[in-house]
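Remarks on the overall topology
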Amino acid sequence: MNTAFLLMAMYSGRPIIPAEDVARDFFELSTDKFIRKISAGSIALPLIRMEASQKCAKGVHIEDLAEYLDKRRAAAVAECMQLQGPR
């Protein structure tokens, strides 16, 4: 299954997903806290600023989000395999 394709369906094909939507849908964080965590490096996602201004619209590219989700899934599968062993 292709994560980027599923995200495209979820977000109506938009290439840039607003930070508010990503924060709510995947992290259950307020937008401000989400942006602070990205700035601090605790969430490894590139944040796109639509202008040079601090108060401009911010978003995440759909491919970056898909890659992040796939990496988190791979880490979870590896952890599960360590705990339970191969089936």
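The name given to the chain in an unreviewed UniProt entry is Pyocin activator protein PrtN, and the organism recorded there is Pseudodonghicola xiamenensis.

**Looking at the overall build of the chain**
The secondary structure content of the chain amounts to four helices and three strands. Starting at the N terminus, the α and β elements of the chain follow one another as α-β-α-α-β-β-α. Sequence separation of at least 24 residues holds for 43% of the intrachain contacts in the chain that already meet a minimum separation of 6. Accessible surface, the chain: about 6200 Å² in total, of which carbon and sulfur atoms supply 54%. With 12 positive and 11 negative side-chain charges, the chain shows a spacing of 5 Å between the two charge centroids.

**What about the nonpolar core?**
Judged by nonpolar contacts, the single largest core of 17 residues is most densely connected at V22, F27, F34, I43, L45 and L65. At the level of secondary structure, the elements contributing two or more residues to this core comprise α2 (19–27), α3 (31–40) and α4 (62–84). Ignoring any residue separated from it by four or fewer positions in sequence, one finds F27 in contact with V22, F34, I43, L45 and Y68.

**Thoughts on the pattern of salt bridges**
Applying the stated criterion across every chain yields a total of four salt bridges. A salt bridge links K71 to E67; the shortest N-O distance between them is 3.1 Å. Taken as a pair, K71 and E67 lie in helix α4 at a separation of four residues, close to a single helical turn. Overall, the relative accessible area of 44% leaves E67 in the partly exposed class. Residues joined by salt bridges that share partners form a network here, namely R14, D21, R24 and D25.

**A word on the packing of helix α1 (residues 3–10) against α4**
At a minimum axis distance of 9 Å, the contact between α1 and α4 shows a crossing angle of 125 degrees. Considered as vectors, α1 and α4 are oriented oblique to each other. In the packing of α1 onto α4, the handedness of the crossing is right-handed. Here α1 contributes T3, A4, L7 and M8 to the contact with α4, which in turn contributes I62, L65, A66, L69 and D70. Of the residues in the contact of α1 with α4, the class split is seven nonpolar, one polar and one charged.

Cut-off values and rules
Each chain has its residues counted from 1, following the order in which its sequence is written. Per-residue local features of the predicted model are confined to residues with pLDDT of at least 70, and side-chain atom pairs are confined, for both listing and counting, to 80 or more; whole-chain, interface and lining totals are unaffected and use all residues. Remark: hydrogens and water are excluded; side-chain values derive from all non-hydrogen atoms of the structure. Per the convention used, a helix needs a DSSP run of H or I reaching at least four residues, while a strand needs a run of E reaching at least two, with both numbered from the N terminus. The contact criterion used throughout is that any non-hydrogen atoms of two residues lie within 4.5 Å. Note on areas: Shrake-Rupley with a 1.4 Å probe; residue coverage comes only from the protein chains shown. In this tally, Asp and Glu contribute negative charge and Lys and Arg positive charge; neither His nor the terminal groups of the chain are included. Lys charges are placed at NZ, Arg charges at CZ, Asp charges at CG and Glu charges at CD. Note on terminology: a nonpolar core comprises buried Ala, Val, Leu, Ile, Met, Phe, Trp, Tyr and Cys residues joined through side-chain atoms within 4.5 Å. Note on classification: 1.4 Å probe, protein chains only; a residue is buried when its accessible area is under 20% of the maximum for its type, exposed when over 50%, partly exposed between these limits. Take a side-chain nitrogen of Lys or Arg and a carboxyl oxygen of Asp or Glu: if they are within 4 Å of each other, that pair is a salt bridge. Helix axes are fitted only over the stretch in contact, all axes being lines through C-alpha atoms; the angle between N-to-C directions runs from 0 to 180 degrees. Note on angle classes: values under 35 degrees are labelled roughly parallel, values over 145 roughly antiparallel, values of 65 to 115 roughly perpendicular, and the remainder oblique. Note on convention: near helix rotated counterclockwise from far helix by under a right angle means a left-handed crossing. Clockwise means right-handed. Each residue gets one of three labels, nonpolar for Ala, Val, Leu, Ile, Met, Phe, Trp, Tyr, Cys and Pro, charged for Asp, Glu, Lys and Arg, and polar for the others, Gly among them.

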